[in-house]
Amino acid sequence: MGWMSWNFFAEKVNEKDLEEMADAMVASGMAKAGYNHIFIDDGWQGGRDNKNKIIADPVKFPSGIKALAKYMHDRGLKLGIYSDAAQLTCAGYTASLGFEEQDAKTFASWDVDYLKYDYCGAPPDSNTAKLRYKTMADALRKSRRDIAFGICEWGERQPWHWAAQAGGQLWRTTGDVRDKWKRKSAEKWGEGIMDILDVNAELHSYAGPGHWNDPDMLVVGLYGKKGPSGDGGGTGCTDTEYQSQFSLWAMMSAPLYATNDLRNMNEATKNILLNEEVIAIDQDALGKQAERKIKNDVWNVFVKSLANGDYAVAILNRSDAAQNFAIDFKELGLDGKYEVRDLWQHKDLGKSKSWKGDVQSHETKIFRLMKVK
Ligand code: GLA
């Protein structure tokens, strides 16, 4: 969990803004709720020095990355960094191909905790991808610092089949998320929350402790901000839609990394990002990704098994109108009676074998079901 720089700052990332985001993460209560990483994305690099050591842009990062890592560690946070398995990154900055060991050593010497490793500029075949990711994973291990490794080749080579073996702890399953609900048929590109859901939801069997599907960043609270998330038709979502993304990502045990301006959050955004009952579903120790048990144009219903024997059930209304929904939990494979708790209303609804009620357009309800003995 954490906050990633790309959707908000893109290439304009710098140490002052990252420190402010870290302070806001602590002050807002997000750090306490579990958001404990600041991830620097693309644009931090300033080339290589005369010994080929990768360096940070001295204007954006005058104190250097090691000092920034210390800033994070002093506040109980971790620092992520970004590179790419080719000569240049997606935004055209210095990347790590051919310098894997040296760069891993450098990141370790800076006390970095996480590496997102992108795939722009690299050849399309799977064998090269596996090799390039493994080379960097091995280099990180050799550096002797515990650096988590995030694989980012957008699901194009079905990384769920090989990324864990190559040394990744998580892998992106799709292209970049845009700040929108769903791609319109006339739009050539730009994946919305629903487009990404439909890919990632099918991959539930591949996720588990230490090897996770990554359906990309949270767009919660961006409200159509200009920048990467605003490209490809990303004109913004409603709070109901942001609440749905958060609920669905939690059901899918996705990494939760916000991208909005943590220094200026409205109440709706805070209510979403700080819902600790929903965060507990995401972070549940069993590490199971929800299964989508009902899937049609209007309703998607997900069930996630939890470590203490409870179940999380999420009900999404994909249609453009409010609808009434009724379900016997038995239809989801859940026999018997349950204490039902609504995790958005923070309210116990009593003992039941079923649920019925209204679900707004694009809303996702989440319930926690505790079996009645
Ligand atoms: C790719 C990745 C994004 C982001 C940009 C940075 O598009 O998928 O998440 O890291 O590169 O250039």
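Remember, predicted model here, so these are calculated numbers, not experimental data.

Caption draft 1: Up close: helix 2 (residues 15–27). Relative to the 18 Å expected for 13 residues at 1.5 Å per residue, helix 2 spans 18 Å between its end C-alpha atoms, a close match to the ideal helical length. Within the span of helix 2, buried status applies to Glu 15, Asp 17, Leu 18, Met 21, Ala 22, Ala 24 and Met 25. Contacts made by the buried residues of helix 2 are with strand 1 (2–4), helix 1 (6–9), helix 3 (30–33), strand 2 (37–39) and helix 4 (65–74). Where helix 2 begins, the side chain of Asn 14 points an oxygen toward the backbone nitrogen of Lys 16, at a separation of 3.0 Å. Of the residues trailing helix 2, Gly 29 is marked for its positive phi of about 90 degrees.

Caption draft 2: The state of the cysteines, seen in detail. Per the counting criterion, the structure on display carries 1 disulfide. In this model Cys 90 forms its disulfide with Cys 120; the gap between the sulfur atoms is 2.1 Å. Since a negative S-S torsion denotes a left-handed disulfide, the Cys 90-Cys 120 link at about 95 degrees is right-handed. Pair noted here: Cys 90 is in the loop between strand 5 (78–84) and helix 5 (100–109) and Cys 120 is in the loop between strand 6 (114–118) and helix 6 (126–142), with a separation of 30 residues, a long-range link. For Cys 90, a relative accessible area of 37% corresponds to the partly exposed category. Looking at Cys 152, it has no disulfide partner, and the nearest cysteine sulfur is the one in Cys 90, 6.6 Å off.

Caption draft 3: Molecular detail of the side chain of Glu 241. Its place among the elements puts Glu 241 in helix 9 (residues 239–251). At 3.0 Å, the side chain of Glu 241 forms a polar contact with the backbone nitrogen of Thr 238. When neighbours within four sequence positions are excluded, Glu 241 is seen to be in contact with Trp 181, Ile 193 and His 362.

Caption draft 4: View of the site of the ligand. The local shell around the ligand holds 13 residues, among which Asp 41, Asp 42, Lys 116, Trp 154 and Asp 176 are the closest. Asp 41 places a side-chain nitrogen or oxygen 2.6 Å from an oxygen atom of the ligand. Within the side chain of Arg 172, one N or O atom sits 3.2 Å away from an oxygen atom of the ligand. Within the complex, 92% of the 300 Å² of free accessible area of the ligand lies under protein. Residues belonging to the shell around the ligand are distributed by class as follows: 7 nonpolar, no polar and 6 charged.

What counts and how
- Residues numbered from 1 in each chain as written.
- Predicted model: local features only at pLDDT ≥ 70, side-chain atom pairs only at ≥ 80, totals over all residues.
- Heavy atoms only, no water.
- Helix = DSSP H or I, 4+ residues; strand = E, 2+ residues; numbered from the N terminus.
- Expected span 1.5 Å × (residues − 1).
- Buried < 20%, exposed > 50% of the residue type's maximum accessible area, 1.4 Å probe, protein only.
- Contact = heavy atoms within 4.5 Å.
- Polar contact = N/O pair within 3.5 Å; in protein donor to acceptor, adjacent residues only side chain to side chain.
- Disulfide = S-S within 2.5 Å.
- Near = heavy atom within 4 Å.
- Areas by Shrake-Rupley, 256 points an atom, 1.4 Å probe, with all protein chains shown as cover.
- Nonpolar A, V, L, I, M, F, W, Y, C, P; charged D, E, K, R; others polar.

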